[in-house]
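Here are the chains, one letter per residue:
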Amino acid sequence: MKTALGHIKVLDLTRVLAGPWATQNLADMGAEVIKIERPRVGDDTRTWGPPFLKDTQGRETTDSSYFLSANRGKKSVTVDLALPEGQEIIRMLAQDVDVLVENYKVGTLARYGLAYEDLQKINPRLVYCSVTGFGQDGPYAALPGYDYVFQGMGGLMSLTGVPDGEPGGAPMKSGLAISDLLTGMYATTAILAALEHRHISGAGQYIDMSLLDCLVAVNSYQALNYFLSGKIPQRVGNAHPNMVPYQVFRCKEGDLIIAVGNDSQYAAYCKAIGREHLATDPMYSTGPQRNRNRATLIPLLAEAMLAKTMREWITLLEQKNVPCGPIYNMQEVFEDPQVRHRNMQFSLPHSAGVEAPSIANPIRLSETPIHYQGSAPLLGEHNGAILQQRYGLSDERLAELQAKGII
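This is a predicted model, so every value here is computed, not measured. (Residues numbered from 1 in each chain as written. Predicted model: local features only at pLDDT ≥ 70, side-chain atom pairs only at ≥ 80, totals over all residues. Heavy atoms only, no water.)

Looking now at the overall build of the protein. Each helix and strand in the protein was counted, giving 19 helices and 13 strands. On the principal axes, the C-alpha backbone points of the protein span a range of 85 × 50 × 45 Å. Sorting the 407 residues of the protein into buried and exposed places 44% on the buried side. When contacts within the protein are restricted to residue pairs at least 6 apart in sequence, long-range pairs at least 24 apart make up 67% of them. For the protein, the exposed area adds up to about 20600 Å²; of that, 55% sits on carbon and sulfur atoms. Positive and negative side-chain charges in the protein, numbering 37 and 42 respectively, have mean positions lying 3 Å apart. (Helix = DSSP H or I, 4+ residues; strand = E, 2+ residues; numbered from the N terminus. Buried < 20%, exposed > 50% of the residue type's maximum accessible area, 1.4 Å probe, protein only. Contact = heavy atoms within 4.5 Å. Areas by Shrake-Rupley, 256 points an atom, 1.4 Å probe, with all protein chains shown as cover. Lys, Arg positive; Asp, Glu negative; His and termini not counted. Charge placed at Lys NZ, Arg CZ, Asp CG, Glu CD.)

Structure (structure tokens):
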């Protein structure tokens, strides 16, 4: 199959989520990704369960749902980077790959002679991407960090949750490790940009990705709200700080999201709920006015929404092209006809002899479609295929390295 990145080789020295998410994107687009893991232990997330994938006998494998979610299509090779012989293996692999991605603490790989400056000498075309919590410089560069920390430091939790003064009012983290996932996506973009530059210049380059930077960057319009007004954005729960009505409403039965983005949608919404006068009232007829007067408008809309059930409102509002939708649990997400039509849930063969569940990559390319090369690998599954068959290590050498705990 013709793929976008079928000509690209990636050496993946990452674990947990941000780095693996980036390299899984590359694998989905056809790149060969060799994932380096610690002997006997592997990626931290292999044990982040239950649940774990079960083999044909119903026994739990070493692959947790967390690990499966970010490592499909990769080849697992075990190498102890802390040992000189392990470092030599990495140098051997790095000589003919296009991309190296790592997420060790700042300075760790430099101590092993595996920093960009070291490997660039033996592979000038190498695109080398480092993913860390705080970046390669600055007062916090040496500190460890996890998603939860960055959701707080990056401002996301100050924007998420029930407002102070209301029942349950408190900062709230996202239900996903959002800074990891965002950094993985930004890293994918940066790697592709560096590869395109190499296509013109012939030279690789270094990429410095920070989870904190990425979380700060996606504050986007909320940060600009602060820059322009001088007012610190506050938590507004399920409402929107700039658009009204853009929130959850309680219905006769169930809850419904209304996401009105312009004045014509607002007029259609008001007509649908039998409150046409609210569309022409000067206090509410424009977006800025609705935002300024939300305290009086929202109770009027909330009262009207109690007249029908959530399903009844969806049927009516969709006919009027008013953006709206239900709040699904995870089961309902994958039962939705649109999600099913787009084949967002599927399975891949796993080396444990079973089919492993997966979620589709949302990128849809017409000429070089996404190509799934298999589920996540077993720990060290490709030691022989890579180190022996490709790089010529003998059976004796492989056995010696394994006996020493190097692979």
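Another point: the nonpolar core. Leu11, Leu13, Ile36, Leu81 and Leu387 are the most contacted members of the largest nonpolar core, which totals 29 residues. Those residues in contact with Ile36, other than ones at most four positions away along the chain, are Leu11, Asp12, Leu13, Val77, Val79, Leu81, Ile90 and Leu93. By size, the runner-up hydrophobic cluster in this structure holds 27 residues, among which are Ala27, Ala31, Ile191 and Met209. (Core = buried A, V, L, I, M, F, W, Y, C linked by side-chain atoms within 4.5 Å.)

Let's shift gears to the sheet that holds strand E10 (residues 255-259). Working definition: the strands of a sheet are paired by backbone hydrogen bonds and lie parallel or antiparallel to each other. The sheet built from three strands is open, its strands ordered E9-E10-E11 with antiparallel pairing. The outermost strands of the open sheet, each flanked by one partner alone, are strand E9 (246-250) and strand E11 (324-325). In this structure, E9 lies alongside E10, joined through five bridges in antiparallel fashion. Each residue of the ladder has a partner; that of Arg250, found in E10, is Asp255. Seen against the sheet, helix H14 (residues 294-305) touches E9 and E10 and runs at an angle of roughly 45 degrees to E9. Across the sheet, helix H15 (residues 310-319) lies against E10 and E11, angled at about 25 degrees from E10, the strand it touches most. (Pairing = 2+ DSSP bridges. Axes fitted to C-alpha atoms, helices over the stretch in contact; angles between N-to-C directions.)

Glancing now at unusual backbone geometry. Here the bond from Gly49 into Pro50 is cis, since omega is 5 degrees, no more than 30 degrees from zero. Here Pro50 lies in the loop between strand E2 (32-37) and strand E3 (52-54). Here the phi dihedral of Ser220 falls at roughly 40 degrees; this positive angle occurs in a residue that is not glycine. Tracing the sequence through the fold places Ser220 in helix H10 (residues 220-229). Positive phi, normally seen in glycine, also occurs at Asn321, with a value near 60 degrees. Residue Asn321 is classed as exposed on the basis of its relative accessible area of 63%.

Here we come to helix H18 (residues 383-390). Of the residues making up H18, those classed as buried are Asn383, Ile386 and Leu387. Down the axis of H18, the buried set is contained in an arc of 105 degrees. They therefore lie on one face. Packing partners of the buried residues in H18 comprise E2, strand E5 (74-78), helix H3 (84-94) and helix H19 (395-403). (Arc of directions from axis to C-beta.)

The residue Val244 is located in the loop between H10 and E9 in this model. In this structure the C-alpha to C-alpha distance between Val244 and Leu317, which are 73 residues apart in sequence, comes to 16 Å.

Positionally, Lys35 belongs in strand E2. Dropping the residues within four chain positions of it, Lys35 is found in contact with Asp12, Thr14, Arg15, Pro20, Asp43, Phe67, Asn71, Lys74, Lys75, Ser76 and Val77.

Turning to the pairing of E2, a few remarks are in order. The buried fraction of E2 is high, at six of six residues. Of the two faces of E2, the one lined by Glu32, Ile34 and Ile36 and the one lined by Val33, Lys35 and Glu37 are each fully buried. Pairing geometry for strand E1 (residues 9-13) and E2, over four bridges, is parallel. Considered in E2, the bridge of Asp12 is made with Lys35. Each parallel crossover has a hand, and the one from E1 via helix H1 (residues 18-28) to E2 is right-handed. Sheet topology note: the E2/E5 ladder contains five bridges and is parallel. The residue bridging Ile36 from the neighbouring strand is Val77, located in E5. (Right-handed = clockwise from strand over helix to strand, strands pointing away.)

Turning next to the pattern of salt bridges. In total, this model carries 19 salt bridges according to the counting rule given. The shortest N-O distance in the salt bridge between Arg390 and Glu32 comes to 2.5 Å. Taken together, the residues span a long stretch of sequence, with Arg390 in helix H18 and Glu32 in strand E2 at a distance of 358 residues. Here Glu85 ties to Arg397 by a salt bridge, and the two come within 3.0 Å at their closest N and O atoms. (Salt bridge = Lys/Arg side-chain N within 4 Å of Asp/Glu carboxyl O.)

This next bit is on the packing of aromatic side chains. Tallied over the full model, the rule gives eight aromatic pairs. Arranged with centres 5.8 Å apart and planes meeting at 70 degrees, the rings of Tyr116 and Tyr128 form a pair that is edge-to-face. With Tyr116 in helix H5 (residues 116-122) and Tyr128 in strand E7 (residues 127-132), this residue pair connects regions lying twelve residues apart in the sequence. Between Phe134 and Tyr140, the ring centres sit 5.5 Å apart and the planes meet at 70 degrees, which makes this aromatic pair edge-to-face. Overall, the relative accessible area of 11% leaves Phe134 in the buried class. Put simply, the rings of Tyr116, Tyr128 and Tyr206 touch in pairs and so form one group of aromatic residues. Its end group placed over the ring of Tyr148, Lys173 keeps NZ or CZ at 5.6 Å from the ring centre. Above the face of the Trp313 ring, Lys308 is positioned so that its terminal group lies 5.8 Å from the ring centre. (Phe/Tyr/Trp six-rings, centres within 6.5 Å; stacked < 30°, edge-to-face > 60°. Lys NZ or Arg CZ within 6 Å of the ring centre and 35° of its normal.)

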